[in-house]
Structures are given as structure tokens and as C-alpha cells.
Amino acid sequence: MKVVDFLKRKREILAQHPFELKDWLSPAIRDYWREFQQKAHLHPLLGRVLDAHGQPVAEAEQQGEQRQTVNGQAMAPQAPTIVLEGEAALVFERLQAQLGEETHVGDWLHISQQMVNQFAAVTGDHQWIHTDPERAAAESPFKSTIAHGFLTLALLPRLTGSVDEANPEFPTARMVVNFGLDQVRFPYPIKVGSQVRARTRLIGVTPVKGGLELLKEIKVEIEGVRRPGCVIESVTRLYF
């Protein structure tokens, strides 16, 4: 038998019996090999290579992970169904009826140069387009200093009324957490001296462990300007 044919045949045998070689190894080397395979499967490139060569998924199953199969294809484990009770169920039902609706329109807020300067001092962002009115009037295409984009984001709790302790949006929730932002855009600069306000629309509500996850679209309007200063998708979690 030629060497090439022998190697080809050996590769086919190992592919059909992937654990045979591992069983010949010492326990220490076998553990090392198992750890290497687990890390390789998690690697974005090596994982695809191993899957393309028919490596089994048995290593994950040995650790107790149960995989469902559909038409012979491995599927990711299904998340357990979350059952809402008490106040969480009541709030969920109410929010379901508000999906797609505008749920809040805030009051107008004046953006002053002092506010911008204070934000610059806290963040260290002293770009002249924000903090030097004379240079901005002479050199900036906006002919004025403008608010930092991140200042606009920092003002969202105030603009949306979510930090009003006297009138909380979800008084029965034990805790309200800012879980993150899915998308953020700044379509138009907010000039110093402008009035801004936020409009909020509920676009999603999902049960999670211990409460609810809300997805909201928030637009920051600039008085007298057609385009918004900021458009975001905000993720909030309520815990009961």
C-alpha cells in the first residue's frame, strides 16, 4: 500500500472513530486534549474548521449539556419559559396594550454653555466646537458651540422623566435598571442655547427572570428644527 493511500485510509478511520486515538492517550494528555478541543470549538475560525471536518459534539454533551436535534441537526438549548406573577404580570399586560404607542413626551430643557462646560470638565472633552464660542462663531459650520453627543445621552434620564422620584413611571417595580442601548444616532447637532425634549415610544416588552425587559425608541427633538438631535433604542429592565 502506498504511503499516501495509507494516510488517507488512516484519516478516514479516525474520522469514523474519533475517540479511538484519545482512548490510547494517558489520562493527563487526554484531559489536555479535551480542553484543547473545547477551546478550539469556541474559536470563531477553528470551530468552523473542526465542524467542517466532522468533529463530534460529544465533548459538550459529556459536560451535561443537552442538545435538541431537528432533522438530525444539533440545535441550541431552548430557554425555559418564564411565568410572570403578581405585579409583573399586571405591568406586562398593560405594556402589551401600549406597544407602538408614544408613552412619554418630556418638558423642554435649555442647553446652556455652562452645562456644556461642566460636562467638558467632568469628561475631559474640551474640544473648541463645544467650549469656545468665539472660535466656533468664526470657524464652525454651525456658527455656534454645540453640545457633546454624550451629554445628550447623559441627559436622557432627565429628559424622559425616568428619575422623577415624585412621579415614577413604574411605582410597583422594586428596581429599574438601564440595561443598555441597542442603537444610537446623532442626526443633527444641538447648538448651545437650544431647547430640547424627548419623545418615547414603546417598541418591545419581554419577560425576563425576575421581571420585564423594555425596548424603547427615544427621539430628542430640537425646538424649531425638523431633524432630531438624537435617536436611540434604549433597553430597560424592571425587577419586581
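In the nomenclature of an unreviewed UniProt entry, the chain is known as MaoC family dehydratase of Aeromonas bivalvium.

Chemist: What am I meant to see in helix H6 (residues 86-96) here?
Modeler: Since the α-helix packs 3.6 residues into each turn, any two residues three or four apart lie on the same face. Those residues of H6 not exposed but buried are Ala-88, Val-91 and Leu-95. For H6, the angular spread of buried residues about the axis comes to 70°, placing them on one side. Exposed side of H6, more than 90 degrees from the buried face: Gly-86, Leu-90 and Glu-93 are the residues found there. Its buried side turned inward, H6 meets strand E6 (195-208), strand E7 (211-222) and strand E8 (230-239).

Chemist: What's the story with empty space enclosed by the protein in this structure? I'm lost.
Modeler: To locate leftover empty space, one rolls a probe as large as a water molecule over the atoms. Throughout the structure, instances matching the rule amount to one cavity of 30 Å³ or more. Taken together, Ile-111, Ala-147, Leu-151, Thr-152, Leu-155, Leu-159, Ile-190 and Val-196 form the lining of the largest cavity. A class-by-class count of the residues in the lining of the largest cavity yields seven nonpolar, one polar and no charged.

Chemist: How should the environment of Gln-183 be read in this particular structure?
Modeler: Inspection of the secondary structure puts Gln-183 in strand E5 (residues 175-185). Sequence-wise, Gln-183 and Val-231 are 48 residues apart; in three dimensions their C-alpha atoms are separated by 7.9 Å. Not counting residues within four places of it along the chain, the set of residues in contact with Gln-183 comprises Val-231, Ile-232 and Glu-233.

Chemist: Looking at this structure, how should I read the packing of aromatic side chains?
Modeler: Two numbers describe a pair of aromatic rings. These are the distance of the centres and the angle of the planes. Tallied over the entire structure, the rule returns zero aromatic pairs. Across from the ring centre of Phe-179, 3.9 Å away, lies the NZ or CZ of Arg-237, which sits over that ring.

What counts, and at which threshold
- Residues numbered from 1 in each chain as written.
- Predicted model: local features only at pLDDT ≥ 70, side-chain atom pairs only at ≥ 80, totals over all residues.
- Heavy atoms only, no water.
- Buried < 20%, exposed > 50% of the residue type's maximum accessible area, 1.4 Å probe, protein only.
- Helix = DSSP H or I, 4+ residues; strand = E, 2+ residues; numbered from the N terminus.
- Arc of directions from axis to C-beta.
- Contact = heavy atoms within 4.5 Å.
- 1 Å grid on protein atoms, 1.4 Å probe; cavity = no way out; pocket = protein on both sides within 12 Å on 5 of 7 lines; lining within 4 Å.
- Points joined across faces, edges and corners; volume = space filled by probe spheres on them.
- Nonpolar A, V, L, I, M, F, W, Y, C, P; charged D, E, K, R; others polar.
- Phe/Tyr/Trp six-rings, centres within 6.5 Å; stacked < 30°, edge-to-face > 60°.
- Lys NZ or Arg CZ within 6 Å of the ring centre and 35° of its normal.

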